[in-house]
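Take a look at the letters that make up each chain.
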Amino acid sequence: MMLRTTLTSLAVISLAACGGSPPPAPEGGHGHGHGHGHGHGHGHGHGHEHGHGKGHGDHAKLSPPLKEFHAVLSPLWHADKGPPRNDKICAEAKTLEDKAAATGDDELAKATKAVGEACAKEGRPDLEKLFVVVHERFHVLAK
């Protein structure tokens, strides 16, 4: 019993030392784990730990327009989900659209426009799902 307790304690210490919570479960029916290993250690349940760590492409190498887009996207993405975050997303929707247009990427521009349109609708239908599309498109461009 003592060995079992010691091993369990070591496992817990090991996980804590490695930042070791298990990867979040997939969200929204995407079917792939989303744990991109981005490295901030924020556990907001988004499944896309984002930032400047291992496994994520180096944001320092982004083009200037993508850096500017990321500067607006990142704090929104990392905010806790819920009405206050949605309010922030919608407050920045036009800025996201403008920054997306500056990248020259039509898909990112369409995705940010869809977020703005969702913000204008009663109840903001599909806002979270559309914001995920924006985030995922950013990551495609960031690679």
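Calculation rules
Residues numbered from 1 in each chain as written. Predicted model: local features only at pLDDT ≥ 70, side-chain atom pairs only at ≥ 80, totals over all residues. Heavy atoms only, no water. Helix = DSSP H or I, 4+ residues; strand = E, 2+ residues; numbered from the N terminus. Buried < 20%, exposed > 50% of the residue type's maximum accessible area, 1.4 Å probe, protein only. Contact = heavy atoms within 4.5 Å. Areas by Shrake-Rupley, 256 points an atom, 1.4 Å probe, with all protein chains shown as cover. Axes fitted to C-alpha atoms, helices over the stretch in contact; angles between N-to-C directions. Parallel < 35°, antiparallel > 145°, perpendicular 65-115°, else oblique. Left-handed = near helix turned anticlockwise from the far one by under 90°. Nonpolar A, V, L, I, M, F, W, Y, C, P; charged D, E, K, R; others polar. Disulfide = S-S within 2.5 Å. Phe/Tyr/Trp six-rings, centres within 6.5 Å; stacked < 30°, edge-to-face > 60°. Lys NZ or Arg CZ within 6 Å of the ring centre and 35° of its normal.

## Points about the overall build of the chain
Consideration 1: A tally of helices and strands in the chain yields 6 helices and 0 strands.
Consideration 2: Ordered by position from N to C terminus, the α and β elements of the chain give α-α-α-α-α-α.
Consideration 3: Relative to its 143 residues, the chain shows a buried fraction of 31%.
Consideration 4: Restricting to contacts in the chain with at least 6 residues of sequence separation, those with at least 24 account for 50%.
Consideration 5: As presented, the chain carries roughly 8,500 Å² of accessible surface, and 59% of it is formed by carbon and sulfur atoms.

## Observations regarding the packing of helix α5 (residues 106-120) against helix α6 (residues 127-142)
Working note: a packed helix pair is described by the angle between its axes plus the distance between those axes.
Consideration 1: One can describe the packing of α5 onto α6 by two numbers: an axis separation of 9 Å at closest approach and a directional angle of 160 degrees. Classified by the interaxial angle, the pair formed by α5 and α6 is roughly antiparallel. Considering the relative orientation of α5 and α6, their crossing is left-handed. Two secondary-structure elements touch here, α5 through Glu107, Leu108, Ala111, Thr112, Ala114, Val115, Ala118 and Cys119 and α6 through Leu127, Leu130, Phe131, Val133, Val134, Arg137, Phe138 and Leu141.
Consideration 2: Across the contact of α5 with α6, the residue classes break down as 13 nonpolar, 1 polar and 2 charged.

## So, the state of the cysteines
Consideration 1: Evaluated as defined, the whole model comprises 1 disulfide.
Consideration 2: Covalent S-S linkage joins Cys90 and Cys119, the inter-sulfur distance amounting to 2.0 Å. Taking the sign of the S-S torsion, about -85 degrees here, the bridge from Cys90 to Cys119 comes out left-handed. Highlighted residues: Cys90 in helix α3 (residues 83-91) and Cys119 in helix α5, separated in sequence by 29 residues. Neither Cys90 nor Cys119 differs from the other in exposure class; each is buried.

## What about the packing of aromatic side chains?
Consideration 1: According to the stated counting rule, one finds 2 aromatic pairs in the structure shown.
Consideration 2: Considering the side-chain rings of Trp77 and Phe131, the 5.6 Å spacing of their centres and the 40 degrees angle between planes classify their relative orientation as tilted. Linking Trp77 in helix α2 (residues 64-78) with Phe131 in helix α6, this pair joins segments that are 54 residues apart in sequence. The pair Trp77 / Phe131 is uniform in exposure class, with both members buried.
Consideration 3: The positively charged end of Arg85 is found above the aromatic ring belonging to Trp77, 5.2 Å away from the centroid.

## Regarding unusual backbone geometry
Consideration 1: One non-glycine residue with positive phi stands out, namely Arg124, at about 50 degrees.
Consideration 2: Of note, Arg124 is situated in the loop between α5 and α6.
Consideration 3: Even without glycine at this site, Asp126 takes up a positive phi of about 65 degrees.
Consideration 4: The topology assignment puts Asp126 in the loop between α5 and α6.
Consideration 5: A relative accessible area of 47% places Asp126 in the partly exposed class.

## Overview of the packing of helix α4 (residues 93-103) against α5
Consideration 1: Remark: α4 packs on α5, axes separated minimally by 8 Å, with the N-to-C direction vectors making an angle of 170 degrees. For the element pair α4 / α5, the angle class is roughly antiparallel. Both α4 and α5 take part in a crossing whose hand is left-handed. On α5, the residues touching Ala93, Leu96, Glu97, Ala100 and Thr103 of α4 are Leu108, Ala109, Thr112, Lys113, Gly116 and Cys119.

As far as function goes, none of this settles anything; it's purely spatial.
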